[in-house]
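# Coordinate inspection notes
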Amino acid sequence: MSKDINHNMEPAFTRALYFENTQVPDYLINNYQAIGLSDQQFIDLLRVLACQQKFSAYVEQDKLLAKWNGQQAEMSAALAALQQQGVLERLEDVPGVVFSLAGLYNKLLELWVFQHSVPAATNAEVEPEPAAVDEREVIRAAYQLFEGEFARPLSPLELEKLNAWLIADRWDFALLKEAMRRAVLHNALNLAYIDKILLRWKREGITNMEQLLASEANQEAETSADKTNRRARQARSSRVARNKPQAAEPGFAAEVDYAQYF
């Protein structure tokens, strides 16, 4: 290829290289493995991001096929894997074959909140304390529990409230799980209802499951004793009422000294 041809094509090459590009957040590049993606799935995700509509989380399948060089089967397998990871979702109520990347951004947001709530060690060579590792595992388990029950990713406000329970208030995970169970039983699956349960336990000084079970056992015993005492009082009242002499009704049959009136 001559120098003239190289010189003429260089501007076009520069435009293609720097102006026709896909923006990928550094946070995604640094944390794609943390949200469960393999290297191959990350590459496939980049292809999807390249077709993302501007200022939108939607992607049309027609545009995706070109990124896989027309390999329909390979593309379908890759998209299915991304859907299974929860970063891609097919929108059934939208005309055409359209996918949403909302799941990806929700996962990144969840991870970001988690990392800022329980910061990792600043020195990568320093191993975190066992207590810190356990705490992170508890928080991750709590996220999974609440998202599983809600059947959706948690909102930023919900994540903030959950972090407050776990980190600021230091609630035991078993108690959070129990409060969630009771909310489900009462068909009141929301954080406000769960918060009321936790506030009541806090007023009663309950900080773990053992204390909760003991408190409720005592309450049940007191309730049973109250019922027994109430039944005993009612039985005594009935016996007294049955044994009390009945006063004779006044009338001519009563023994009255009528001579005093004559």
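Thresholds, definitions, all that
Residues numbered from 1 in each chain as written. Predicted model: local features only at pLDDT ≥ 70, side-chain atom pairs only at ≥ 80, totals over all residues. Heavy atoms only, no water. Helix = DSSP H or I, 4+ residues; strand = E, 2+ residues; numbered from the N terminus. Contact = heavy atoms within 4.5 Å. Patch = residues over 30% accessible without salt bridge, like charges linked within 9 Å, V, L, I, M, F, W, Y side chains within 5 Å. Areas by Shrake-Rupley, 256 points an atom, 1.4 Å probe, with all protein chains shown as cover. Salt bridge = Lys/Arg side-chain N within 4 Å of Asp/Glu carboxyl O. Lys, Arg positive; Asp, Glu negative; His and termini not counted. Charge placed at Lys NZ, Arg CZ, Asp CG, Glu CD. Buried < 20%, exposed > 50% of the residue type's maximum accessible area, 1.4 Å probe, protein only. Axes fitted to C-alpha atoms, helices over the stretch in contact; angles between N-to-C directions. Parallel < 35°, antiparallel > 145°, perpendicular 65-115°, else oblique. Left-handed = near helix turned anticlockwise from the far one by under 90°. Nonpolar A, V, L, I, M, F, W, Y, C, P; charged D, E, K, R; others polar.

## Looking at the environment of Leu175
In this fold, Leu175 is placed in helix α9 (residues 173-185). Sequence-wise, Leu175 and Thr207 are 32 residues apart; in three dimensions their C-alpha atoms are separated by 7.8 Å. Once you skip the residues sitting within four places of it in the chain, Leu175 turns out to touch Trp201, Ile206, Thr207, Asn208, Met209 and Leu212.

## Some remarks on a positive patch on the surface
Taken together, the side chains of Lys227, Arg230, Arg231 and Arg233 define a basic patch exposed on the protein surface. If you trace the backbone, Arg230 turns up in helix α11 (residues 209-243). For Arg230, a relative accessible area of 39% puts it in the partly exposed group.

## Re the packing of α9 against helix α10 (residues 191-203)
The packing of two helices is summarised by the inter-axis angle and the distance between the axes. Put simply, α9 and α10 touch, their axes get as near as 9 Å, and they point 125° apart. Classified by the angle their axes make, α9 and α10 are oblique. As for how α9 packs across α10, the hand of that crossing is right-handed. In this structure, α9 contributes Leu175, Leu176, Glu178, Ala179, Met180, Arg182 and Ala183 to the contact, and α10 contributes Tyr193, Ile194, Ile197, Leu198 and Trp201.

## Section: the packing of helix α8 (residues 156-168) against α10
The interhelical angle for the contact between α8 and α10, taken along N-to-C directions, is 15°, at an axis separation of 12 Å. Classified by the angle their axes make, α8 and α10 are roughly parallel. Between α8 and α10 lies a crossing whose hand is left-handed. Residues Glu158, Lys161 and Trp165 of α8 touch α10, and the partners they reach there are Leu191, Ile194, Asp195 and Leu198. Here the residues of the contact of α8 with α10 sort into four nonpolar, no polar and three charged.

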